[in-house]
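Chain by chain, the residues:
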Amino acid sequence: NAGVTQTPKFQVLKTGQSMTLQCAQDMNHEYMSWYRQDPGMGLRLIHYSVGAGITDQGEVPNGYNVSRSTTEDFPLRLLSAAPSQTSVYFCASSDLSRKVSPLHFGNGTRLTVT
Amino acid sequence: SQKIEQNSEALNIQEGKTATLTCNYTNYSPAYLQWYRQDPGRGPVFLLLIRENEKEKRKERLKVTFDTTLKQSLFHITASQPADSATYLCALDTGRRALTFGSGTRLQVQP
């Protein structure tokens, strides 16, 4: 039972480079989301999706793009990386069939932008 | 905007004692509140959820209280063990299936 799988675990980028953080879940959850975690600031929501073909912005969406072509996958794209995007990124999913459902998190991608 | 405050200083307690962590919030009336545990290098793991109409919730050695008048939740771990050492996050429902998280409190249980 894999749950939420994130790849890669670590990544170093130079300013201006692009990359995609991958997230996959095998629980058939409709809801998926991306958070970033910075010291002293807690988890902040970047983008989320309530189903294939549907995405919406969270608290800190600038500099990030997402798409949801399947229920299982929710990649996060950085088009032109900036040092301010150095952070730990977490993907999370939950079951929308329940009125209240906890989030299931992956183990994160630690990104450094130099 | 919603603001959630958790004690940023680490909480150090002796094994066997009760750990009490605090979560205060402002500018919102959440329908429910959740607590998560996070170990270094890992993603948060869900522990407990409490609804606005519930005063208290228990799960094994864990107890959560929710006071909507004080806008505060308390998270208790009784008979604490070194394995309970971790960072504990509280999170509030802010609508649209979005959770707002506090920055967490690190708990260290000394043997």
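Scroll up to find the structure this text is about.
Residues numbered from 1 in each chain as written. Chains lettered and ligands numbered in written order. Predicted model: local features only at pLDDT ≥ 70, side-chain atom pairs only at ≥ 80, totals over all residues. Heavy atoms only, no water.

Visitor: Give me the lowdown on the layout of surface pockets, citing residues and values where you can.
Guide: Of the pockets and cavities examined, the largest pocket occupies roughly 620 Å³. Residue lining of the largest pocket: 30 residues in total, with Gln37, Val88 and Arg110 of chain A together with Gln38 and Gly41 of chain B positioned closest to the centre. Of all the secondary structure elements, the ones that give two or more residues to the lining of the largest pocket are strand S4 (31–38), strand S9 (87–94) and strand S11 (109–113) of chain A together with strand S9 (86–93) and strand S11 (105–110) of chain B. At four residues, the largest contribution of residues to the lining of the largest pocket is made by S11 of chain B. (1 Å grid on protein atoms, 1.4 Å probe; cavity = no way out; pocket = protein on both sides within 12 Å on 5 of 7 lines; lining within 4 Å. Points joined across faces, edges and corners; volume = space filled by probe spheres on them. Helix = DSSP H or I, 4+ residues; strand = E, 2+ residues; numbered from the N terminus.)

Visitor: Any details on the sheet that holds strand S8 (residues 76–78) of chain A? Residues and values, ideally.
Guide: Hydrogen bonds between backbone groups are what pair the strands of a sheet, and the pairing can be parallel or antiparallel. All names here are of chain A. Pairing within the open sheet is antiparallel, and its four strands lie in the order S1-S3-S8-S7. Of all strands in the sheet, those bounded by a partner on one side alone are strand S1 (4–7) and strand S7 (64–66). Across the sheet, the mean angle separating the axes of adjacent strands is 20° when strand polarity is ignored. The pairing of S1 with strand S3 (residues 19–25) spans four bridges and is classified as antiparallel. Among the inter-strand pairings, Thr5 is bridged to a residue of S3, identified as Ala24. (Pairing = 2+ DSSP bridges. Axes fitted to C-alpha atoms, helices over the stretch in contact; angles between N-to-C directions.)

Visitor: Got a sec to walk through the packing of aromatic side chains? Specific residues and values, please.
Guide: Applying the stated criterion across every chain yields a total of 12 aromatic pairs over all chains. Aromatic pair Tyr35 of chain A and Phe101 of chain B: ring centres 5.4 Å apart, planes at 90°, arrangement edge-to-face. Linking Tyr35 of chain A in strand S4 with Phe101 of chain B in strand S10 (residues 99–101), this pair reaches from one chain into another. In this pair, the class of Tyr35 of chain A matches that of Phe101 of chain B, namely buried. Ring-pair connections join several aromatic residues into one group, and the members of that group are Tyr35, Phe90 and Phe105 of chain A together with Tyr36, Phe46 and Phe101 of chain B. (Phe/Tyr/Trp six-rings, centres within 6.5 Å; stacked < 30°, edge-to-face > 60°. Buried < 20%, exposed > 50% of the residue type's maximum accessible area, 1.4 Å probe, protein only.)

Visitor: Could you give an account of the interface of chain B and chain A, naming the residues involved and the relevant values?
Guide: Facing 19 residues of chain B, the contacting portion of chain A comprises 24 residues. When chain B packs against chain A, the two sides together hide about 1700 Å² of surface, and 54% of this comes from carbon and sulfur. Seen at the junction of chain B and chain A, the total is zero salt bridges. The interface formed by chain B and chain A includes five residue pairs in polar contact (both at pLDDT 80 or more). Looking at the side of chain B that touches chain A, the elements with two or more residues in it are strand S4 (32–38), strand S5 (45–51) and S10 of chain B. The element that contributes the greatest number of residues to the side of chain B that touches chain A is S4 of chain B, accounting for four residues. For the side of chain B that touches chain A, the per-class residue count stands at nine nonpolar, six polar and four charged. (Contact = heavy atoms within 4.5 Å. Buried area = accessible area lost by both parts, 1.4 Å probe. Salt bridge = Lys/Arg side-chain N within 4 Å of Asp/Glu carboxyl O. Polar contact = N/O pair within 3.5 Å; in protein donor to acceptor, adjacent residues only side chain to side chain. Nonpolar A, V, L, I, M, F, W, Y, C, P; charged D, E, K, R; others polar.)

Visitor: Run through the nonpolar core, naming residues and quoting values.
Guide: Formed by 22 residues in total, the largest nonpolar core has its most connected members in Leu33, Trp35, Phe75, Ile77, Tyr88 and Leu107 of chain B. Among the elements of the structure, strand S3 (19–26), S4, S5, strand S7 (62–67), strand S8 (72–77), S9 and S11 of chain B are those that each provide at least two residues to this core. Listed in part, the 19 residues of the second largest apolar core include Leu45, Val100 and Phe105 of chain A together with Leu99 of chain B. (Core = buried A, V, L, I, M, F, W, Y, C linked by side-chain atoms within 4.5 Å.)

Visitor: Describe in detail the state of the cysteines, supporting the description with residues and values.
Guide: Each disulfide consists of a covalent bond between the sulfur atoms of two cysteine residues. Residue and element names in this part refer to chain B. Here the structure, examined in full by the defined rule, presents two disulfides over all chains. Note that Cys23 is cross-linked by a disulfide to Cys90, the S-S spacing being 2.0 Å. Measuring handedness by torsion sign, the sulfur bridge of Cys23 and Cys90 sits at about 65° and is right-handed. Residue Cys23 is found in strand S3, and its partner Cys90 is found in strand S9; the two are separated by 67 residues along the sequence. Residue class for Cys23 comes out buried when judged on its relative accessible area of 0%. With a relative accessible area of 0%, Cys90 lands in the buried category. (Disulfide = S-S within 2.5 Å.)

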